[in-house]
Amino acid sequence: MDIEKTLAALTLPEKAALVSGKDNWYTAKIDRLNIPALMMTDGPSGLRKQTSTTNDINNSVKAITYPAAALSASSWNTDLFHQLGEHLGVEARAEQVNILLGPGVNMKRSPLGGRNFEYLSEDPLVAGKLGTAYVQGVQSKGVGVSVKHFAANNRENQRFTSSSDMSQRTLRELYLKAFEIIVKNALPETLMVSYNRINGVLNSQNHYLLRDILRDEWGFHGAVMSDWGAVANHAAALSAGLDLEMPGKGQPSVDEIVKAIETGELDEGTLNKSVRHLLHLIQNCPTNPHPKAYDHEAHHAFARKMADDSIVLLKNHQNELPLTPKNQGKLVIVGELAKHPRFQGSGSSHVNPTKLVTPLDALADSGLSADYQQGYTLDDSETDDQLASDAIAAAKQADHVIVFAGYPEKEESEGFDKSAILLPENQTELIGQLTKVNTHITVVLQNGSVVEMPWVKNVAAIVETYLAGEAVGEATWDIITGKVNPSGHLAETFPLKLADTPMAPTFGQDPHHENYSEGIFMGYRYYDTHEMRVLFPFGHGLSYTTFEYGNLVTKSDAHGATITFDVTNTGDQAGKAVPQLYVANHASHAPMPTKELRGFTKLSIDPGETKSVTFHLNRRDFSWWRERVHRWQADTGDYEVMIGESSHDIRVQSKLTMDFENAPAPVTLETYLAKVVTDPRLRGLFQRTVVAPLLQPDVPQNLFSETDADHQPLLFQSRMYLNMPLRALVALGTPAKPLNDFIQAANQSR
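Below: a short report on this structure.

The rules behind each value
- Residues numbered from 1 in each chain as written.
- Predicted model: local features only at pLDDT ≥ 70, side-chain atom pairs only at ≥ 80, totals over all residues.
- Heavy atoms only, no water.
- Pairing = 2+ DSSP bridges.
- Helix = DSSP H or I, 4+ residues; strand = E, 2+ residues; numbered from the N terminus.
- Axes fitted to C-alpha atoms, helices over the stretch in contact; angles between N-to-C directions.
- Phe/Tyr/Trp six-rings, centres within 6.5 Å; stacked < 30°, edge-to-face > 60°.
- Buried < 20%, exposed > 50% of the residue type's maximum accessible area, 1.4 Å probe, protein only.
- Lys NZ or Arg CZ within 6 Å of the ring centre and 35° of its normal.
- Core = buried A, V, L, I, M, F, W, Y, C linked by side-chain atoms within 4.5 Å.
- Contact = heavy atoms within 4.5 Å.
- Lys, Arg positive; Asp, Glu negative; His and termini not counted.
- Salt bridge = Lys/Arg side-chain N within 4 Å of Asp/Glu carboxyl O.
- Polar contact = N/O pair within 3.5 Å; in protein donor to acceptor, adjacent residues only side chain to side chain.

**Some thoughts on the sheet that holds strand β16 (residues 400–406)**
Reading across the sheet, the 6 strands line up as β12-β18-β17-β16-β13-β15 and stay open at both edges, with mixed pairing between neighbours. Where the open sheet ends on each side, the last strands, each with one partner, are β12 (312–316) and β15 (371–373). Adjacent strand axes in the sheet meet at a mean angle of 20°, parallel and antiparallel pairs treated alike. Two strands pair when backbone bridges link them, and strand β17 (residues 441–446) and strand β18 (residues 461–464) are joined in this way by 4 bridges, in the parallel orientation.

Right, here's the structure in full:
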């Protein structure tokens, strides 16, 4: 396509049609110019291609249901995420889908967030790196993505109207960073604008967000589309930087754009920019003219592999797991979720699975044998006395009990936030009763988000499967039996209780405003800085083997640092380690978290084997967003490098002194005397322009008259005076002229 020639040939109504979705899943097509329609489908964890133009989440083609993002992110495996993207790209091509709506990379700010199962992490580096790999994988197959939801979309209640209110530093360091990493490294074809406002400005009409940051600062060249129904004023949205309203309203959408051009409300040059972006999108994501069926069994096997690599072993007291046919003894399985598992989220990411394998279905192939007790019902949170008593009686006779527990689907979905993070009452009570009659209890969790665990100390093992996809049964037994050595690590913190979260008193309370009063201290940044006990820390995950870390070496220059260390498998079986690099900033005067994640990787290591790991840190990795000057700033001074297997489990660490070249801050009357005295350049200038003239015999007595043996003002030796700004010296009797002369000379020589 000749983009400029095609643009010139389009009529105004045709341009208006192109920036307005044709219906729920298609863009408009212009037959006379051979401009095809694009088809989109939801797809963070599997294709949800609709078989009609309606938005019925249950009416979609059969597709592979991969683990939800809450689980897959626990893999910390960028290579696997790239493969996930490739598999989804192949499936999209087979179904003639042009744009896959995903991944979701918003931060898990509160465990009550209704869409947490669809998002990757509470840390933007994890979300950014995994999201980058996903996007690169999908787009390698000629299918575009729509990274969502841009930005600061962290609650579901009143999501169409509420404002996410926060400082610019908080916005930059946490809520925009994952998007920035993906835009700059993966070049996504589209971004999807979220429903909410940021600091009072609707995101679909947010010029600062869509033009100043996304396009001008980050260099984004793709198309910007709205979330479904997120546009309040189409002309204002186009003016701010939106390119495509989804879904369109049909002819009324076309008419309103034509009218806006005719009345001058919208400039046609602005409309042309959006049309140009969409023409490039159509060109870059062509429909597959010869779709080929993909191997469903092979893709199901990959869904199992993805879950295997992601499931997190949270607790394993006295090596309760793995269970094998040799050590299982009499085994009892309890819980309706073993028979009817939660394996995916609800809402727009709901997929019609090709082959659901439940834990009970997969039991026979696991090599284990067990009796099954339902224990509770998913339809009711009240305890069924008969079901519970039957399960307890069976547990009394068992050598091991595996309890499947989790949230019913009705309690976790897009569209609303949760009100608590306790499991339903009947499940919580049942686990408590079972621990009283058997000490060998393993709890297998199926949940989309964080869970409180009042029973945590009384169970032997906990396996976090989140929402594991259509291979949930096979993957669960892979971990429990040791066929796969668990290597998942949490991408979010599990607090002891909801009240411990920094936003607990205010989350969702105001229907119009969500106040991010915790600022940058969200997730592990909050818990670690406040030295709070948590249930399971960010990055936590156990293995059936052990790893040791050593030989930490750091090298630095003005551009960044290189960190090298060794990881050794000290156990008796192969396993995967997830080394995490944290940096503590002791150089900056701004408030800083105790530590922040700045690198991670995943390694397969054989027993007795040692592998060397190298991380490269650039200037940005040491930077913070300084609001007053509106830029990233890296400060000269001391930092600490920490290597561990979670934010709490630090194995080796080392001090690192960085020397960054920064333009000095301007000298003003607000500059403190201590800064002048400790800066050799400023001190010398101050001596010449202020001190020397004021020490002349004909000058009246002043603060500088009393000097030491080296003719240095004793004022320079006083901590009290050093802690005063220059303007205070004027108030104490120093003439203003020499101080103003000093300030002018200091800033001229910068």
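**What to know about the sheet that holds strand β29 (residues 637–644)**
In a beta sheet, neighbouring strands pair by backbone hydrogen bonds and run either parallel or antiparallel. Sheet architecture is open: 4 strands sit in the order β24-β23-β29-β30, paired in antiparallel fashion. A strand with exactly one partner marks an edge of an open sheet, and here the two such strands are β24 (596–600) and β30 (650–658). Mean inter-strand twist for the sheet, computed between neighbouring axes without regard to direction, equals 25°.

**Remarks on the packing of aromatic side chains**
In total, this model carries 19 aromatic pairs according to the counting rule given. With 5.7 Å between their ring centres and 50° between their planes, F622 and F660 make a pair best called tilted. Taken together, the residues F622 in the loop between β26 (610–618) and β27 (623–626) and F660 in the loop between β30 and α18 (673–678) connect sequence positions 38 residues apart. Across the pair, F660 and F622 agree in class, each one buried. What links up through ring pairs into an aromatic cluster is the set W76, Y524, F538, Y582 and F600. The lysine or arginine in question, K129, covers the ring of F600, its NZ or CZ lying 4.5 Å from the ring centre. Above the ring of W632, the side-chain terminus of R620 is found at 3.6 Å from the ring centroid.

**Looking at the nonpolar core**
Within soluble globular proteins, side chains that are nonpolar tend to cluster in buried spots. By size, the foremost hydrophobic cluster in this structure holds 142 residues, and its most contacted members are F150 and M453. The leading source of residues in this core is helix α5 (residues 124–139), at 8 residues. Sequence-distant contacts of F150, defined by excluding residues within four places in its chain, comprise L176, F179, L191, M192, V193, S194, N203, L209, L210, L214 and W218.

**Re the pairing of β18**
Residues A461 and V463 of β18 are buried on one face, and the alternating residues I462 and E464, pointing to the opposite face, are buried as well. In this sheet, β18 lies alongside β12 in antiparallel orientation, the contact comprising 4 bridges. Among the inter-strand pairings, L313 is bridged to a residue of β18, identified as V463.

**Topic: the side chain of E470**
Looking at the secondary structure, you find E470 in the loop between β18 and α16 (472–480). Comment: no salt bridge for buried E470; closest opposite-charge side chain is K355, at 6.7 Å. One polar contact links E470 to T354, side chain to side chain, over a distance of 2.8 Å.

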